[in-house]
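Overview (structure and organization)
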Amino acid sequence: MAKGIVIREAHFPGRAPIEAYGNGGFRFADMSHRGSLLCLPSGIHGWEPADPLALTAADFGKLLAEAGKVEILLVGTGKDLRPLPTALRAALKEAGISADPMSTGAAVRTYNVLLAEERAVAAALIAVD
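Reference entry: report on the structure contained in this document. Here the structure is a predicted model, which means the values were calculated and not measured.

Topologically, Asp59 is positioned in the loop between strand S6 (43-47) and helix H1 (61-65). Lys62 provides the closest opposite charge to the buried, unpaired Asp59, separated from it by 11 Å. Setting aside anything within four residues of it in sequence, one finds Asp59 in contact with Trp47, Pro49, Ala50 and Ala54.

One pass over the full model with this rule turns up 1 salt bridge. With a closest N to O distance of 3.7 Å, Arg119 and Glu117 form a salt bridge. On the basis of relative accessible area, Arg119 is assigned to the partly exposed category, the value being 37%.

The subject of this paragraph is unusual backbone geometry. Of note in the backbone geometry, Asp30 takes a positive phi value of approximately 60° without being a glycine. Its place among the elements puts Asp30 in the loop between strand S3 (25-28) and strand S4 (31-34). Unusually for a residue other than glycine, Glu118 sits at a positive phi of about 60°. Its location among the elements puts Glu118 in the loop between helix H3 (104-116) and strand S9 (121-125).

This part is about the sheet that holds S3. The antiparallel open sheet is built from 3 strands, whose spatial order is S2-S3-S4. Each having just a single partner strand, strand S2 (18-22) and S4 make up the two edges of the open sheet. Each adjacent strand pair in this sheet contributes to an overall mean axis angle of 15°, direction not counted. Relative to S4, S3 runs antiparallel, the two being bridged by 4 bridges.

Cut-offs and rules
- Residues numbered from 1 in each chain as written.
- Predicted model: local features only at pLDDT ≥ 70, side-chain atom pairs only at ≥ 80, totals over all residues.
- Heavy atoms only, no water.
- Helix = DSSP H or I, 4+ residues; strand = E, 2+ residues; numbered from the N terminus.
- Buried < 20%, exposed > 50% of the residue type's maximum accessible area, 1.4 Å probe, protein only.
- Lys, Arg positive; Asp, Glu negative; His and termini not counted.
- Salt bridge = Lys/Arg side-chain N within 4 Å of Asp/Glu carboxyl O.
- Contact = heavy atoms within 4.5 Å.
- Pairing = 2+ DSSP bridges.
- Axes fitted to C-alpha atoms, helices over the stretch in contact; angles between N-to-C directions.

The values are spatial; any link to function lies outside them.
If you want it as structure tokens, here you go:
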């Protein structure tokens, strides 16, 4: 008996450079994703922070679970650079992660370079139109 469509959490189980961004999403590994992304050592995950303008440690639960594998977190804050909230920066520092906020475009470019250098990098990328 057919069960119909099964909707699963968006997840690509590998590391891949981001090929393109814009129009509310990203392209990577010959696929496209609409919405924001969290790029971790465990793979690329669909990511929808509760409030992209007020990120919290709760938005980074998956990242914090893999903190031992990440040294640098690039946070693409959309079209414009926005500082990270003090409480979030403290939680990341406590986990041993250095966080660098920047525009999403700059974060994508920097992530691709650091990934090619096989650095311990992660990225939280807020989608832009």
